[in-house]
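Examination of the molecular architecture
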Amino acid sequence: VFAGVRQAQWLTKTKLVEGLPQTVQGVMDHPALGLPELEERAKHVVSHARLWDTAEVAPRRERYCPVLFENLIHISRLMSGKFPSLSKRMLARNCRIAATWERESTLLQVRGLSGILMNSMSPIPPVASEEEIVATKEHVLETFYPIAPTIDLQEVNVYKELNDTGFRDGYPYSHPHTLFFLESANVRTDRFRPEQLRAKMLMFAFGTALAKARALHGNDPKVLEQPVVVQSIGTDGQLFQFMVFQLNTTDLVSNDGVKNLVWIDSDQNLYERAQCVPEVKKRVVTKPAGISGFQPDTFKKFLALYLHGTV
């Protein structure tokens, strides 16, 4: 993606807000997230993924990244004792979505595997107020003139304009909640850079929200009375990207009127370093094996997004 998130903003008619929305901050401040044993458990799962999960001297990223994700999800699920509605969630893997829309004179589509999708029986309530949504009318979208914003997109012949959430009618967990993207390739050049990953997260959160909005409200372009909120979390097993996307409008052709909104909290380390083998100099251990620089706030953000819409 030639301009990353900036390009994705234009393609999806979206205004960017730095940091997480107030509703998520409110969840982070909940007393249940401040328990010392919860932080200890999180440190333990990092150590498990990075140090103890395999007999290899140092586990490879393609192994420890998914293991860390599964462990974090497990801790999050344990919160259902305090918040019973968390049991009304389902993780779907290898989930395919399709969404088609028009921007200016170009027909665009997001299509393909969208990462791991957590669905819920009930939607996440809108995170922006009506006043904030109306205020987006004043926001001017950045253009890339003289470069076309679609310059590096793949051109294909579209025979059918598909909008598909990937789930059959009547599926009880029908509301998209959070998309998870694991950039677990061992070779750095095979992984998306953080900026590319954030752009991918935005495009798929938008596509998922648009497909859901069309399923609920039909294909006519309109400002939604009930905006659709879809979250996204991306990680390479150490660095985390957090995103909350709110689809306010399906009227996407022109740059005028109400815009969609995205909140992004970028490049949050869960820990600074994993020392798999102790470093020894002249028979003295200079760096013991272990995890250093654990960041409890990054774990809290992961948990807050999981709990969002419940707490």
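Here the structure is a predicted model, which means the values were calculated and not measured.

1. Focus on the environment of Glu272
Within the secondary structure layout, Glu272 lies in the loop between strand E9 (260-269) and strand E10 (273-275). Considered as a pair, Glu272 and Leu51 are 221 residues apart in the sequence and their alpha carbons are 14 Å apart. Ignoring sequence-local partners within four residues, the contact set of Glu272 consists of Gln238, Ser292, Gly293 and Gln295. A polar contact is formed between the side chain of Glu272 and the side chain of Gln295, at a distance of 3.3 Å.

2. A look at the packing of aromatic side chains
Tallying each qualifying case throughout the model produces 8 aromatic pairs. Geometrically, the ring pair formed by Phe240 and Phe242 is stacked, given 5.9 Å between the ring centres and 15° between the ring planes. For the pair formed by Phe240 and Phe242, the shared burial category is buried. With a centroid separation of 6.3 Å and 90° between ring planes, the pair formed by Phe240 and Phe302 is classed as edge-to-face. Placement of Phe240 in strand E8 (residues 239-249) and of Phe302 in helix H7 (residues 296-307) is noted, with a sequence separation of 62 residues between them. The burial state of Phe240 is the same as that of Phe302; both residues are buried. In textbook terms, an aromatic cluster arises when at least three aromatic residues are bridged by ring pairs, as seen for Phe69, Phe180, Phe240, Phe242 and Phe302. Looking at Arg89, its charged tip hangs above the ring of Tyr306, at a distance of 5.3 Å from the centre. Across from the ring centre of Phe192, 4.8 Å away, lies the NZ or CZ of Lys200, which sits over that ring.

3. A few points about unusual backbone geometry
Only a minority of non-glycine residues have a phi that is not negative, and only a minority of peptide bonds are not trans. Located in the positive-phi region is Asn94, a residue other than glycine, with phi close to 50°. Here Asn94 is to be found in the loop between strand E2 (89-92) and strand E3 (96-103). Judged by its relative accessible area of 65%, Asn94 falls in the exposed class.

4. Concerning the sheet that holds E8
The strands that make up a sheet are held in pairs by hydrogen bonds between backbone atoms, and each pair lies either parallel or antiparallel. Read across the sheet, 7 strands follow the order E1-E9-E8-E7-E6-E5-E2 without closing on themselves; strand pairing throughout is mixed. What marks the edges here is a single partner per strand, and that holds for strand E1 (14-18) and E2. Ignoring strand direction, the axes of neighbouring strands in this sheet form an average angle of 20°. The strands touched by helix H6 (residues 194-217) are strand E6 (175-182), strand E7 (223-235), E8 and E9; relative to E8, the strand with the most contacts, the crossing angle is about 35°. Across the sheet, H7 touches E2, strand E5 (116-120), E6, E7, E8 and E9, and the angle it forms with E8 is around 30°.

5. Some points on the pairing of E6
Among the 8 residues that make up E6, 7 are buried, leaving the element largely enclosed by the rest of the structure. Of the strand pairs in this sheet, E5 and E6 are connected by 5 bridges, and their pairing is antiparallel. Bridging across to E6, Ile116 finds its partner in Phe180. Taking the sense of rotation as the criterion, the β-α-β connection linking E6, H6 and E7 turns out right-handed.

6. Some words on the packing of helix H4 (residues 61-78) against H7
Packing of H4 against H7 leaves a shortest axis separation of 10 Å and a crossing angle of 55°. With respect to each other, H4 and H7 are oriented oblique. Considering only the axes of H4 and H7, their crossing is right-handed. Contacts between H4 and H7 pair Leu72, Ile73, Ile75, Ser76 and Arg77 from the former with Phe299, Phe302, Leu303 and Tyr306 from the latter. Split by residue class, the contact of H4 with H7 holds 7 nonpolar, 1 polar and 1 charged.

7. Some remarks on the nonpolar core
Counting 48 residues, the largest nonpolar core has Met79, Phe180, Leu270, Phe299 and Leu307 as the members making the most contacts within it. Every element with two or more residues in this core is listed here: helix H2 (22-28), helix H3 (36-52), H4, E5, E7, E8, E9 and H7. With sequence-adjacent residues up to four places away left out, Phe180 is seen in contact with Phe69, Ile73, Leu91, Gly115, Ile116, Met118, Ile233 and Phe302. The next biggest cluster of nonpolar side chains, apart from the first, holds 36 residues, and it includes Val5, Leu141, Phe144 and Ala209.

8. Some thoughts on H3
Along its 17 residues, H3 runs 22 Å from first to last C-alpha, staying within 8% of the 24 Å computed at 1.5 Å per residue. Summarising the contacts, the buried residues of H3 are in contact with H4, E10, strand E13 (290-292) and H7.

9. Overview of the pattern of salt bridges
One pass over the full model with this rule turns up 10 salt bridges. Notably, a salt bridge pairs Arg6 with Glu142, separated by 2.8 Å at the nearest N-O pair. Of this pair, Arg6 sits in helix H1 (residues 5-12) while Glu142 sits in the loop between helix H5 (130-135) and E6, placing them 136 residues apart in sequence. Look at Glu142 and you get partly exposed, because its relative accessible area is 38%. With a shortest N-O distance of 4.0 Å, Lys43 and Glu39 are connected by a salt bridge.

Criteria and thresholds
- Residues numbered from 1 in each chain as written.
- Predicted model: local features only at pLDDT ≥ 70, side-chain atom pairs only at ≥ 80, totals over all residues.
- Heavy atoms only, no water.
- Helix = DSSP H or I, 4+ residues; strand = E, 2+ residues; numbered from the N terminus.
- Contact = heavy atoms within 4.5 Å.
- Polar contact = N/O pair within 3.5 Å; in protein donor to acceptor, adjacent residues only side chain to side chain.
- Phe/Tyr/Trp six-rings, centres within 6.5 Å; stacked < 30°, edge-to-face > 60°.
- Buried < 20%, exposed > 50% of the residue type's maximum accessible area, 1.4 Å probe, protein only.
- Lys NZ or Arg CZ within 6 Å of the ring centre and 35° of its normal.
- Pairing = 2+ DSSP bridges.
- Axes fitted to C-alpha atoms, helices over the stretch in contact; angles between N-to-C directions.
- Right-handed = clockwise from strand over helix to strand, strands pointing away.
- Parallel < 35°, antiparallel > 145°, perpendicular 65-115°, else oblique.
- Left-handed = near helix turned anticlockwise from the far one by under 90°.
- Nonpolar A, V, L, I, M, F, W, Y, C, P; charged D, E, K, R; others polar.
- Core = buried A, V, L, I, M, F, W, Y, C linked by side-chain atoms within 4.5 Å.
- Expected span 1.5 Å × (residues − 1).
- Salt bridge = Lys/Arg side-chain N within 4 Å of Asp/Glu carboxyl O.

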